[in-house]
Amino acid sequence: MGSLRSADGQGIVHIENRFRAGIDDLWSAFTDPSRLAQWLGDFEGDLELGGSYRAHFFSSGADITGRVEACEPPRHFTVANKGAQASNEQVVDAVLTADGDDTILVLEQRGLRLDWIAAFAAGLQIHLEDLASHLAGGGRCDSDARMSELIPAYEAVPIDGR
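What comes next concerns the included structure.

Here is what the cut-offs are and how they apply
Residues numbered from 1 in each chain as written. Predicted model: local features only at pLDDT ≥ 70, side-chain atom pairs only at ≥ 80, totals over all residues. Heavy atoms only, no water. Axes fitted to C-alpha atoms, helices over the stretch in contact; angles between N-to-C directions. Helix = DSSP H or I, 4+ residues; strand = E, 2+ residues; numbered from the N terminus. Parallel < 35°, antiparallel > 145°, perpendicular 65-115°, else oblique. Left-handed = near helix turned anticlockwise from the far one by under 90°. Contact = heavy atoms within 4.5 Å. Nonpolar A, V, L, I, M, F, W, Y, C, P; charged D, E, K, R; others polar. Core = buried A, V, L, I, M, F, W, Y, C linked by side-chain atoms within 4.5 Å. Buried < 20%, exposed > 50% of the residue type's maximum accessible area, 1.4 Å probe, protein only.

**What about the packing of helix H3 (residues 117-135) against helix H4 (residues 143-155)?**
Turning to step 1, where the next piece is worked out: Across the interface, H3 lies against H4 with an axial gap of 8 Å and an inter-helix angle of 130°. By the angle between their directions, the pair H3 and H4 is classed as oblique. In this structure, H3 crosses over H4, and the sense of that crossing is right-handed. Together, Ala 118, Ala 119, Ala 121, Ala 122, Gly 123, Gln 125, Ile 126 and Glu 129 of H3 and Ser 143, Arg 146, Met 147, Leu 150, Ile 151, Tyr 154 and Glu 155 of H4 make up the contact between the two elements.
Turning to step 2, where the next piece is worked out: By residue class, the composition of the contact of H3 with H4 is nine nonpolar, three polar and three charged.

**Some words on the nonpolar core**
Turning to step 1, where the next piece is worked out: With 42 residues, the main nonpolar core has Leu 105, Leu 131 and Tyr 154 as its most contacted residues.
Turning to step 2, where the next piece is worked out: Here this core takes nine residues from H3, the largest share from any one element.
Turning to step 3, where the next piece is worked out: Not counting residues up to four positions away in its chain, the partners in contact with Leu 105 are Ile 15, Glu 16, Asn 17, Phe 19, Leu 26, Phe 30, Ala 94, Val 95, Leu 96 and Leu 128.

That is the geometry; function is a separate question.
In structure tokens, the structure reads:
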């Protein structure tokens, strides 16, 4: 489970996860559109620094546009996204750290509506679970069923700074 925070009236989800994959493999899974299409969604555009893209996420059905704000292979990237129904940008920041044969990923999503923070946290966790499955050679989960499990769990998580 991730942690939830509030700053300036907006929500922040913070999740740390260990993956049984080398840092280069995990970086590729995050930045190669053909690999993203196996676990996250369909991406079109440029996933390099300064690049812009469009994406369709499998688990939520969301369509977004975004741009790459930071890209330091294979350790750090930041993207700013905006969905069709969002009134503001959301920022996703990822830091990858090699730890032996594993990689630790620290992922933070900022700029979230506080009244939807549990759903955002559950969705982000589902994405990471699908990523772990992809890295292990598996497929995506039943996101609707998983959301119904995770949303109540995240609704019970206190929001720091509120």
